[in-house]
2 protein chains.
Amino acid sequence: MSQEQSLPTTSYAILGLLTFGQELSGYELKQWADSTLRFYWTAPAMSQIYTELNRLAQRRLVLSREVGGGPSRTTTRYRVSAKGARELRRWLADSDPGFPLLKHPIALRLLLGHLLDPGQVRAMLEAYDAALADQRRDLRAVLDGIDNNPAFEFPAHVARWGLSYYDSETDAVRRVLKALPETAPAQSKRSSSADPTR
Amino acid sequence: MSQEQSLPTTSYAILGLLTFGQELSGYELKQWADSTLRFYWTAPAMSQIYTELNRLAQRRLVLSREVGGGPSRTTTRYRVSAKGARELRRWLADSDPGFPLLKHPIALRLLLGHLLDPGQVRAMLEAYDAALADQRRDLRAVLDGIDNNPAFEFPAHVARWGLSYYDSETDAVRRVLKALPETAPAQSKRSSSADPTR
């Protein structure tokens, strides 16, 4: 029991992805992690997926079997064991989730906006706005693939939560951009003085 | 120059707190960090503040002087040097901020909500809702202390951004709570079957 308690959260996260009723290969698990965990926990590398699967298999929390993919290769497919499901339920029930950890490099730099010229602040916020749109598009595609599928009721809740987070961030960025009155006039002055039609 | 580039982001963050025109003691810097960095970067311990100040002083990015507090004790007060301000501006201009890092243990557990009974999901979300209210109250008090002070224009932007983040999280949690229709009936069924007045 104390051995199980020492598993890092990411091990439980990956074990959890095997509880949706499907036997998955390491490659498929990586895809599932990229569609779920990436947005609010971690984006595990392929090598980390295999490290975690080996650890989970050693503790008999996952079971594996070789599935023939033709004469030339086989694929190892993983499923959660009864012991693994029990251990996951125990962890979910007993562990204190704690408060989310946020390391927000844009907010940190905005705090020091008095050291930047307004154009630098604006460029930073506009780049973040664009990055948010990319993330939102990716997560929207994930939700479109699972919405209305009862097996993925909870992943769909989390995906909708994530979309609302990106929307809130986008709104916040744009409110700050609007509240930087000294930036736009400076830019339009610069561009109008360089305007060849004037 | 390459020595400066190896500073961790938290060093720049603490150096940045010394650019608002005030000479601060380590204790005051800790209070400033708790009013700013804590909400979106890190909550540095008092010992880490002193570690960072020593490192910054060694590189002459901060200057310090002893201020007498009476015959029995003196306080060391720190201010940013011209070199420190230059180095901070260089870092702000040159470093790629990257995308925020979010480790959200509530979202992770909600993903696995099919393994929990509805009452457990509800209890977890309600506890997070309460924790968000506490954080929001703390940050609101910070904003009330700096709002309309031109020296803290950018910290006020960041604080308002943080409040909108907590509001968005609270809305998202409550939407999920409302979308858990099996929870409330199951609880009322249980309580009504145990209801001695029936």
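In this text, all values refer to a predicted model and were calculated from it rather than measured experimentally.

Visitor: So what's going on with the overall build of chain A? Which residues, and what values?
Guide: Across its full length, chain A carries nine helices and four strands. Across the 198 residues that make up chain A, the buried fraction comes to 47%. Restricting the contact set of chain A to residue pairs at least 6 apart, pairs at least 24 apart contribute 60%. When the accessible surface of chain A is totalled, it reaches about 9,800 Å², and 50% of it is carbon and sulfur.

Visitor: Describe the relation of the copies chain B and chain A, with residues and values.
Guide: Mapping chain B onto chain A calls for a rotation angle of 180 degrees and an axial translation of 0.0 Å; the resulting RMSD is 0.0 Å. Taken together, these values place the two copies in the relation of a two-fold axis. Proximity to the rotation axis, assessed at the C-alpha, singles out B:L102 in chain B; its C-alpha lies 2.4 Å from the axis. An overlap of 100% is found between the interface residues of chain B and their copies at the interface of chain A, pointing to a shared contact surface.

Visitor: With reference to specific residues and values, describe the interface of chain B and chain A.
Guide: Taken together, the contacts link 64 residues of chain B with 64 residues of chain A. A buried area of about 6,200 Å², summed over both sides, lies between chain B and chain A, and 74% of it is on carbon and sulfur atoms. Ranking the residues of chain B by area buried against chain A places B:L111, B:F154 and B:W161 at the top, with a combined share of 14%. Taken together, the connections running from chain B to chain A amount to zero salt bridges. Applying the counting rule to chain B against chain A returns 14 residue pairs in polar contact (both at pLDDT 80 or more). Grouping the amino acids of the side of chain B that touches chain A by side-chain chemistry returns 42 nonpolar, 14 polar and eight charged. Relative to strand β4 (residues 101-103) of chain B, strand β4 (residues 101-103) of chain A runs antiparallel, the two sharing three bridges.

Visitor: An account of the pattern of salt bridges is requested, with residue identities and associated values reported.
Guide: Tallied over the full model, the rule gives 32 salt bridges over all chains. Linking B:R38 and B:D138 is a salt bridge whose minimum nitrogen-to-oxygen distance equals 3.5 Å. On the criterion of sequence distance, the pair formed by B:R38 in the loop between α3 (26-35) and α4 (46-58) and B:D138 in helix α7 (residues 118-146) is long-range, its members being 100 residues apart. With a relative accessible area of 26%, B:D138 lands in the partly exposed category. For B:R90, the salt bridge is made with B:E87, and the minimal N-O distance between the two is 2.8 Å. With B:R90 and B:E87 both in helix α5 (residues 82-94) and three residues apart, the pair spans about one turn of that helix. According to the relative accessible area criterion, B:R90 is buried, its value standing at 17%. Bridged by salt links that share partners, the residues A:E23, A:E28, A:R65, A:R77 and A:R79 form one connected network.

Visitor: Which residues make up the sheet that holds strand β2 (residues 62-68) of chain B, and what values go with them?
Guide: Residues and elements named next belong to chain B. Ordered in space as β1-β3-β2, the three strands form an open sheet in which the pairing is antiparallel. Because the sheet does not close on itself, it has two edges, and the strands there are β1 (24-25) and β2. With two bridges connecting them, β1 and strand β3 (residues 74-80) associate as antiparallel partners. Across the sheet, the residue bridging to S25 is R77, located in β3.

Visitor: Could you give an account of empty space enclosed by the protein, naming the residues involved and the relevant values?
Guide: Taken as a whole and judged by the stated rule, the model has three cavities of 30 Å³ or more. Within this model, the largest cavity holds a volume of roughly 170 Å³. Lining the largest cavity are 18 residues, and of these A:F39, A:Y40, A:V158, A:A159 and A:G162 lie nearest its centre. Those elements that place two or more of their residues in the lining of the largest cavity are α7 (118-146) and α8 (153-178) of chain A together with α6 (105-111) of chain B. Take the lining of the largest cavity: its biggest share by element is six residues, from α8(A). When the residues that make up the lining of the largest cavity are grouped by side-chain class, the tally is 13 nonpolar, four polar and one charged. Quantified by volume, the second largest cavity comes out at close to 120 Å³. Forming the boundary of the second largest cavity are 13 residues, of which A:L102, B:Y40, B:W161, B:G162 and B:Y165 lie nearest the centre. Ranked by residues supplied to the lining of the second largest cavity, first place goes to helix α8 (residues 153-178) of chain B with five residues. A breakdown of the residues in the lining of the second largest cavity according to their chemical character gives ten nonpolar, two polar and one charged.

Visitor: An account of the packing of aromatic side chains is requested, with residue identities and associated values reported.
Guide: Tallied over the full model, the rule gives 17 aromatic pairs over all chains. Judged by centre distance (5.7 Å) and plane angle (70 degrees), the ring pair of B:W32 and B:F152 falls under edge-to-face. A residue pair is termed long-range when its members are at least 10 positions apart, and B:W32 in helix α3 and B:F152 in the loop between α7 and α8 qualify at 120 residues. Each member of the pair B:W32 and B:F152 is classed as buried. Clustering of aromatic rings is evident, with ring pairs tying together A:F99, A:Y128, A:W161, A:Y165, A:Y166, B:F99, B:Y128, B:W161, B:Y165 and B:Y166. In this arrangement the basic side chain of A:K103 is found over the ring face of B:W41, its NZ or CZ atom lying 4.8 Å from the centre.

Calculation criteria
Residues numbered from 1 in each chain as written. Chains lettered and ligands numbered in written order. Predicted model: local features only at pLDDT ≥ 70, side-chain atom pairs only at ≥ 80, totals over all residues. Heavy atoms only, no water. Helix = DSSP H or I, 4+ residues; strand = E, 2+ residues; numbered from the N terminus. Buried < 20%, exposed > 50% of the residue type's maximum accessible area, 1.4 Å probe, protein only. Contact = heavy atoms within 4.5 Å. Areas by Shrake-Rupley, 256 points an atom, 1.4 Å probe, with all protein chains shown as cover. Least-squares fit on C-alpha atoms with pLDDT ≥ 70 in both. Buried area = accessible area lost by both parts, 1.4 Å probe. Salt bridge = Lys/Arg side-chain N within 4 Å of Asp/Glu carboxyl O. Polar contact = N/O pair within 3.5 Å; in protein donor to acceptor, adjacent residues only side chain to side chain. Nonpolar A, V, L, I, M, F, W, Y, C, P; charged D, E, K, R; others polar. Pairing = 2+ DSSP bridges. 1 Å grid on protein atoms, 1.4 Å probe; cavity = no way out; pocket = protein on both sides within 12 Å on 5 of 7 lines; lining within 4 Å. Points joined across faces, edges and corners; volume = space filled by probe spheres on them. Phe/Tyr/Trp six-rings, centres within 6.5 Å; stacked < 30°, edge-to-face > 60°. Lys NZ or Arg CZ within 6 Å of the ring centre and 35° of its normal.

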